Amino acid sequence: FERGDLKSSEGAIKYFLIGAFSSALTVYGLSLFYGYTGTTHLLKGVALTHNPHPLLLLGVLFLLVGFAFKASIVPFHFWVPDAYEGAPTPVTAYLSVAPKIATLGILLRIFTILIPHSKMDLTVLFEILTVLTMTVGNLSAFFQNNIKRLLAYSSIAQAGYMMIGFVVGSPLGQQGVFIYFLAYLFMNMGAFAVAIAVGQSEKSYDLSAFDGLGKRSLGLALLMSFFLLSLAGIPPLAGFIGKFYVFAAAIHGGFIWLAVIGVLNSVLSVYYYMRVTYRMFFVEPTTSEPVPSGLFLSTSLSISAFFVFLIGIFPGAFIESVRTSMKFLP
């Protein structure tokens, strides 16, 4: 959209090339799957065993790698910060939510229902990808001074938390991923909505643009803190419910060590989320002008805040809707 901006052009080229490459890997994986089974129907095409044929295993791995690029799973995540920074922020907000949730939903369906990773002896691989995605995403976010890049690495870490439910693979783990989808949708969109308001006002997405926001626009500062606390998994917000379910599924499924690493990563994430909060409330602003939000942003912020609070305080209805939806799988 912003072809005159070099960063935007760079992000677009990286997103285009890596997107094409990942699609090619996915199609190649499908061709290998078809070559072994004679069909592309995942349920009818393969009799799963604990000792899969190498050709079938290679096809499944190519499928995983292709989708991992699109879901920004480490080590296939390198395009994310550049594409998120280069795109207009409303587009970045969309990229951070819609493709990620869609791709993770596909992965959940394929590798826990149609071709369970446990029957393909791929559980250890999923465990490694999960730990890498959580840890690299959080540690990389420590060093970011641009809010879009910080939220980009945050979204990578969030994908890692969701993948805990993949590793478990049980109905409880699948439900945890779905609940996390709901929480992530609203808390991430809310954080980006505040970033849009501040970025448009200050013409910058550097963290310094948030200096003194609490004195300039207290409502926006409080909402941003609200969304960041939810992303960190602080109760009683939606992010806590999502993490609670995936961590509980891990413990229930015997992956206690994975839940411990998830909790430790959540603690680490508090640091870089609170960096933004510190700037908003404990750094003096360079101007006293309030930050305008406009009708559309205000509406988005209100809806996001409402559901982040509602899911955290009254999760029962959302959990029941997830259980109902699970009845239609596969």
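Cut-offs applied
Residues numbered from 1 in each chain as written. Predicted model: local features only at pLDDT ≥ 70, side-chain atom pairs only at ≥ 80, totals over all residues. Heavy atoms only, no water. Helix = DSSP H or I, 4+ residues; strand = E, 2+ residues; numbered from the N terminus. Rg over C-alpha atoms; globule rule 2.2 N^0.38 Å. Buried < 20%, exposed > 50% of the residue type's maximum accessible area, 1.4 Å probe, protein only. Contact = heavy atoms within 4.5 Å. Expected span 1.5 Å × (residues − 1). Phe/Tyr/Trp six-rings, centres within 6.5 Å; stacked < 30°, edge-to-face > 60°. Core = buried A, V, L, I, M, F, W, Y, C linked by side-chain atoms within 4.5 Å. Salt bridge = Lys/Arg side-chain N within 4 Å of Asp/Glu carboxyl O. Patch = residues over 30% accessible without salt bridge, like charges linked within 9 Å, V, L, I, M, F, W, Y side chains within 5 Å. Areas by Shrake-Rupley, 256 points an atom, 1.4 Å probe, with all protein chains shown as cover.

Enquirer: Break down the overall build of the protein chain for me, with residues and values.
Expert: For the protein chain, the count of helices and strands is 13 helices and zero strands. Starting at the N terminus and ending at the C terminus, the protein chain contains elements arranged as α-α-α-α-α-α-α-α-α-α-α-α-α. In summary, the protein chain has a C-alpha radius of gyration of 20 Å against a globular reference of 20 Å for 330 residues, a match within 12%. Looking at the protein chain as a whole, 53% of its 330 residues qualify as buried. In the protein chain, the share of contacts with a sequence separation of at least 24, taken over all contacts with a separation of at least 6, comes to 80%.

Enquirer: Could you give an account of helix 7 (residues 171-202), naming the residues involved and the relevant values?
Expert: With 32 residues, helix 7 should reach 46 Å at 1.5 Å per residue; the first-to-last C-alpha distance of 46 Å fits that figure. Most of helix 7 sits inside the fold, with 23 of its 32 residues counted as buried. Directly after helix 7, the chain includes Lys 203, whose backbone phi takes a positive value near 60°.

Enquirer: Could you give me a rundown of the environment of Gly 233, with the residues and numbers involved?
Expert: Assignment of secondary structure puts Gly 233 in the loop between helix 9 (218-232) and helix 10 (238-252). The class for Gly 233 is buried, based on a relative accessible area of 14%. Gly 233 sits 21 residues away from Gly 212 along the chain, and the two C-alpha atoms are 25 Å apart.

Enquirer: How would you summarise the packing of aromatic side chains if you had to cite specific residues and measurements?
Expert: This structure, assessed with the given rule, holds 20 aromatic pairs. With 5.0 Å between their ring centres and 55° between their planes, Phe 142 and Tyr 271 make a pair best called tilted. Of this pair, Phe 142 sits in the loop between helix 5 (123-141) and helix 6 (147-168) while Tyr 271 is found in helix 11 (residues 256-282), placing the two residues 129 residues apart along the sequence. Accessibility expressed as a relative area gives 47% for Tyr 271, which makes it partly exposed. Ring centres of Phe 307 and Phe 318 lie 6.4 Å apart, and the angle between their planes is 80°; this geometry places the pair in the edge-to-face category. In this pair, Phe 307 sits in helix 12 (residues 294-313) while Phe 318 sits in helix 13 (residues 316-326), placing the two residues eleven residues apart along the sequence.

Enquirer: Talk me through the side chain of Gln 174; I want residue IDs and the actual numbers.
Expert: When you line up the elements, Gln 174 lands in helix 7. Residue classification places Gln 174 among the buried positions, given a relative accessible area of 8%.

Enquirer: Please set out helix 3 (residues 79-86) residue by residue, giving values where relevant.
Expert: Most of helix 3 is tucked away, with eight of its eight residues classed as buried. Where helix 3 is buried, its residues meet helix 1 (6-37), helix 2 (54-70), helix 4 (89-114) and helix 6.

Enquirer: Quick one: what's the story with unusual backbone geometry, residue by residue and with numbers?
Expert: That bond from Val 74 to Pro 75 is cis: its omega, 10°, falls within 30 degrees of zero. Secondary-structure assignment places Pro 75 in the loop between helix 2 and helix 3. Here the residue pair Pro 235 and Pro 236 is connected by a cis peptide bond, since its omega of 5° sits within 30 degrees of zero. Mapped onto the elements of the fold, Pro 236 is located in the loop between helix 9 and helix 10. Positive phi outside glycine occurs at Ser 72, with the angle close to 55°. With respect to the secondary-structure elements, Ser 72 resides in the loop between helix 2 and helix 3. At Lys 203, a position not held by glycine, the phi torsion is positive, near 60°.

Enquirer: Please set out the nonpolar core residue by residue, giving values where relevant.
Expert: Of all hydrophobic cores here, the largest spans 98 residues; its most connected members are Leu 104, Leu 107 and Phe 210. When near neighbours in sequence (up to four residues on either side) are disregarded, Phe 210 contacts Ile 147, Val 194, Ala 195, Val 198, Met 224, Val 276, Arg 279 and Met 280. Grouped together as the second largest cluster of nonpolar side chains are six residues, Tyr 245, Ile 319, Val 322 and Met 326 included.

Enquirer: Run through the pattern of salt bridges, naming residues and quoting values.
Expert: Opposite charge on two side chains permits pairing when their charged atoms draw close. Summed over all chains, the structure comprises eight salt bridges. For Lys 14, the salt bridge goes to Asp 82, with nearest N and O atoms at 2.5 Å. Of the two residues, Lys 14 sits in helix 1 while Asp 82 sits in helix 3, which places them 68 residues apart along the sequence. With a relative accessible area of 27%, Lys 14 lands in the partly exposed category. Classification of Asp 82 by relative accessible area gives buried; the value is 18%. In this structure, Glu 202 and Arg 216 form a salt bridge, with 2.7 Å as the shortest nitrogen-oxygen distance. On the criterion of sequence distance, the pair formed by Glu 202 in helix 7 and Arg 216 in helix 8 (residues 213-216) is long-range, its members being 14 residues apart. The class of Glu 202 is partly exposed, set by a relative accessible area of 24%. Look at the salt bridges and you will find they share partners, linking Lys 7, Glu 10, Lys 14, Asp 82, Glu 85 and Arg 149 into a network.

Enquirer: If you had to explain a nonpolar patch on the surface to someone new, which residues and values would you point to?
Expert: A cluster of nonpolar side chains, namely Leu 218, Leu 222, Tyr 278, Phe 281 and Phe 282, defines an oily patch on the protein surface of about 540 Å² accessible area. The greatest single-element share of the nonpolar patch, amounting to three residues, is contributed by helix 11. Within the secondary structure, Phe 281 is located in helix 11.

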